[in-house]
Each structure stands twice: as C-alpha cells, then as structure tokens.
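Inside the fold
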Amino acid sequence: MTITVIGTGFVGVVTAGVFAELGHQVYGLDVDQKKIASLNQGDLPFFEPELKELVLAGLQTKRLQFTTDYQVAIPDSQVIFVCVGTPSADSGAVDLTYVESALLEVAKYLKPEAIVVVKSTVPPGSFDHFAKIMQEVTKVPVALASAPEFLREGSAVSETRHPSRVVIGTTDDRVFTILRNLHQPLGAPILQISPASAQMGKYAANAYLATRITFINQIADLCQHNGADIEEVIKSMGFDPRIGNHFWYPGLGYGGSCFPKDVKELAYFSRTVGYGDNWFNSMQEYNEGRITRILDDVLVKVGRVDGQKIAVLGLSFKPNTDDTREAPALKVIPYLLQKGVAQIQVYDPQVQLSRTPFANHSEIDQVNQSTNIAQACQDADGIILLIEWPEIVEFEYSQIRNKSKNQWLLDARNQLDPQALSDAGFQYLSIGRTWNKSHE
Ligand code: UGA
C-alpha cells in the first residue's frame, strides 16, 4: 500500500519508518525543505533511540522517501496520516492551523477511496469542520478517521512497533477494515469507536497519567510534614492491583510537549462549557508552581545559594530524548540566577545548551555546559539531579565530593541512595523521603 505521513516530528517520522519496515511504500511529507533534505540523507533533526537506524533502513530499501511535494505524494496514497503539531495558546485554546492547511493541501490531490487519518491531537468534535473545509476543495468523498498516538518520546520506535492498542475513530466500516488490516501486523488490540470518542480518549489518557503524577507529588509533599516516606508509601499502595506500581514516580512535576498542553486544553474546554473551577485547572496550576515551591524549600534547607556554583544535571524533559519542551531546567536555571547563583554548570548527554530556548536568556554567560558529569560537579556547592538519564543516576558522586565544602545534592527524581551520599558527606535532599526530615 502507498502511504503518506504528513509532519516529520517524532510521531510522523516514527510512523513513516515503521510502516516502511512493514513493507509499505511510504512518503514522509513536510513543508520544511531543509528538514526533508536532511531526512533524505538519513539525518534526523532530533534524537530518538533506534530511529536513525529505522530511517536509514527505509531509505536503503527505497520504501521510505521524504518530500515537500503534496502533488507527488498524495495522488498515489491510499492512506494519509496527518501528524502535524497542534499548539495551544496560553488560554488553552487549540490552534488547528497546521492540521487545516495540511488537510486543504491533501484535498486538492486526494484520490477516490483514499483515507485521511488524523493522528494529531485535536479537540473532540473537530471532524465535522475538517470534512466541511476539505469537501469545499474536492469532489472526491472525504473519508476521515482518527487514530490517536500513544507512544512516548524516548521509546517511540519500540512503542510504535508494539503499541498497547490501536484506536480507530470511525463509523465507516470500509475505513475501519482497511485501517485494521494495515495495523494488524503490529499485534495490538484494535478498537473501532467514534472519532469524538477516540479524540477524547487521547486527552483522557494523558490527563489521567498526569493526574497520577500530580496525585503522588501531592502525597510526597504531605510526607515532608508527617514523617512518612513517599517511596515506602508507593510500595505499600502498589500491591493493590487496582493501583499498581507504575508511572507515578514523584518529581518536579510533569513536562514535555503533551501532558501540560493536553491538561491545559481540557481545562479550557471545561471552562468553555461552563465548568469554571475544574480539576484540570487545579492540576495545571499545581504542576506549574511546583518547581518554585520545591526550590524555595531547598533554599531554606541549604541556607544560601547566592555567589555559589551549582551543577544542573539533565536539560531534556525526560531521559532518552533531546526534547526540552517544558523541561524542568528551563525553570530551574532562571530561578537559580534570580537567587544570585554565580555560576551554573550544566550537563546533558544529548542536549546542547545553545539549542535550548534558554540560550537567549540575558544571563546566559553565567551558565556553561560541561562535557561530562564530573566536570559539571567539580567544586560545585550544590548539585541538582533533574533528569534520570542512566549515566546521571549511575554516576559515583562520592568521587567528586569536595571535603572543603558543605556540598548538597537535590535528587529531584528520588533515584540515588541517601545513605551512600550521606556517608560521602553530602547534604542529601529529595522529594518526600524521610531522609530529608531525619537529617535536617
Ligand atoms: C506522553 C504519554 O505518556 C504518551 O502515552 C503520549 O502518547 C504522549 O504523551 C503524547 O501525547 O504524545 P511523553 O510526553 O513522551 O508521553 O512522556 P512521558 O514518559 O509520559 O512523561 C511525561 C512527563 O511526566 C515527563 O516530564 C516525566 O518526567 C513525567 N513523569 C512521568 C513523572 O513525573 N512521573 C512518572 O511516573 C512518569
């Protein structure tokens, strides 16, 4: 089958690569010519494990090619995936401009019987509008389906090869049958539901996961005040099969390009239908204020940071990606500078400081990138473990302990051994662990 995937972000490139691997002829399409030229050389504009190999294999077999030309890709294609961005305004209103312009271009060249599958996260109920604007451009009956994406950055290739489920939002059985056959080799349960339910299911899944994280963060905050240890609390709850142990490690709050945005959009949608003070608002506010609250607390415990040198480990929003959207570092670094920190040494296995939005910050001269963890931590008064990259978690911090200083270490992901760090002479701080209290 010939397939086009529009949008070459991580969802689009991974989708294109995996369908090429399954033996289909795939066009990856984007309006960004530079990006397309690089992709055709096998150069990715972002880091995602296993993806380069997948793209190179697709290019080599000639089953995968990248183009900017709708007129080349669309007339051939039986299935067209739309994977472009849907940014939201500060209010939470979704900007559908990129989806709409992709759909209008597709409509110009659409062949009869072709199916347009929207993978971009769009508000439930958008399909009537999409079908209407497309139908104004083409006489070919437009068949639209929704197939929300559930993959995570950092494990996008393996989760696309082996998804937990494939949700197909369509009421048209012909469309469902073609899409079911297309996805069947992935071996996942395949569900047919309405487009609006598929779209709402995507928001609800992300909001639920964000809720779990917010919930455990709130419990961790309470543990700071009552002698309980959040890691023990999680263990005790996790044995209940209704609850489980997974996906709620406490930290500085959720980041990335999806949870903050989807929660904000649900909050906005709730307000527009008359639910003024809603859970999504509260969750968003709590998450947004979390980093400042935790750092204020750390400041009280360590006494002062002005004039000091601090190491910040991890610039991405999570491990195994170079994506810095809503990454904690983007709040932590300005906070430290504002508190008078003299020097910040950052380290990240993938992210270059010069490529972060932070690079334009007026005080960027005080922030330097190190090439390894030891260098970043050298003579630091404080160390902040922001992101649980394996090498950051596995590093022997006792090696770089400077005995002439009262060094502190904030383990913002509760990944390290408090006893070992304390034995090495660090003031160990974490999120909701008893250690914080008993060693103040
Ligand atoms: C998330 C969802 O997990 C995917 O299912 C979904 O497809 C994707 O959004 C999307 O909508 O495109 P992603 O943003 O890549 O995936 O990353 P996650 O691994 O879910 O992490 C999101 C944030 O939550 C990170 O800041 C992470 O550090 C934080 N988190 C995650 C926690 O604080 N605690 C946890 O237990 C898990």
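In case you missed it, the structure is sitting above this.
Below or above, wherever it landed, is the structure these notes cover. Note that the structure is a prediction, hence the values are computed from the model and not measured.

**Concerning the overall build of the protein chain**
Secondary structure summary: the protein chain contains 17 helices and 14 strands in total. Its C-alpha atoms give the protein chain principal-axis dimensions of roughly 75 × 45 × 40 Å. Buried positions account for 52% of the 440 residues belonging to the protein chain. Relative to all contacts within the protein chain whose residues are 6 or more apart in sequence, the contacts with residues 24 or more apart total 70%.

**Thoughts on the environment of Ala-267**
Position of Ala-267 among the secondary structure elements: in helix H11 (residues 259–272). According to the relative accessible area criterion, Ala-267 is buried, its value standing at 0%. For the pair Ala-267 and Gly-92, spaced 175 residues apart in sequence, the C-alpha to C-alpha distance is 7.2 Å. Apart from the residues lying within four places of it in its own chain, the contact partners of Ala-267 are Asn-278, Phe-280, Asn-281 and Gln-284.

**A word on the packing of aromatic side chains**
What the rule picks out here adds up to 6 aromatic pairs. When the centroid spacing of 5.4 Å and the interplanar angle of 10° are considered together, the rings of Phe-19 and Phe-81 count as stacked. A residue pair is termed long-range when its members are at least 10 positions apart, and Phe-19 in helix H1 (residues 10–21) and Phe-81 in strand E4 (residues 79–82) qualify at 62 residues. Each of the two residues, Phe-19 as well as Phe-81, counts as buried. Both rings, one in Phe-127 and one in Phe-130, keep their centres 6.0 Å apart while their planes meet at 50°; by these two values the pair is tilted. Of this pair, Phe-127 and Phe-130 both sit in helix H6 (residues 127–135), 3 residues apart, which is roughly one turn of that helix. What makes Phe-127 buried here is its relative accessible area of 9%. The structure contains a cluster of three or more aromatic residues connected by ring pairs, namely Phe-247, Tyr-254 and Phe-259. Residue placement shows Arg-165 over the ring face of Phe-150; its charged tip is 3.6 Å from the ring centre. One residue, Arg-401, lies across the ring of Phe-426, its end atom 5.6 Å from the ring centre.

Thresholds applied
- Residues numbered from 1 in each chain as written.
- Predicted model: local features only at pLDDT ≥ 70, side-chain atom pairs only at ≥ 80, totals over all residues.
- Heavy atoms only, no water.
- Helix = DSSP H or I, 4+ residues; strand = E, 2+ residues; numbered from the N terminus.
- Buried < 20%, exposed > 50% of the residue type's maximum accessible area, 1.4 Å probe, protein only.
- Contact = heavy atoms within 4.5 Å.
- Phe/Tyr/Trp six-rings, centres within 6.5 Å; stacked < 30°, edge-to-face > 60°.
- Lys NZ or Arg CZ within 6 Å of the ring centre and 35° of its normal.

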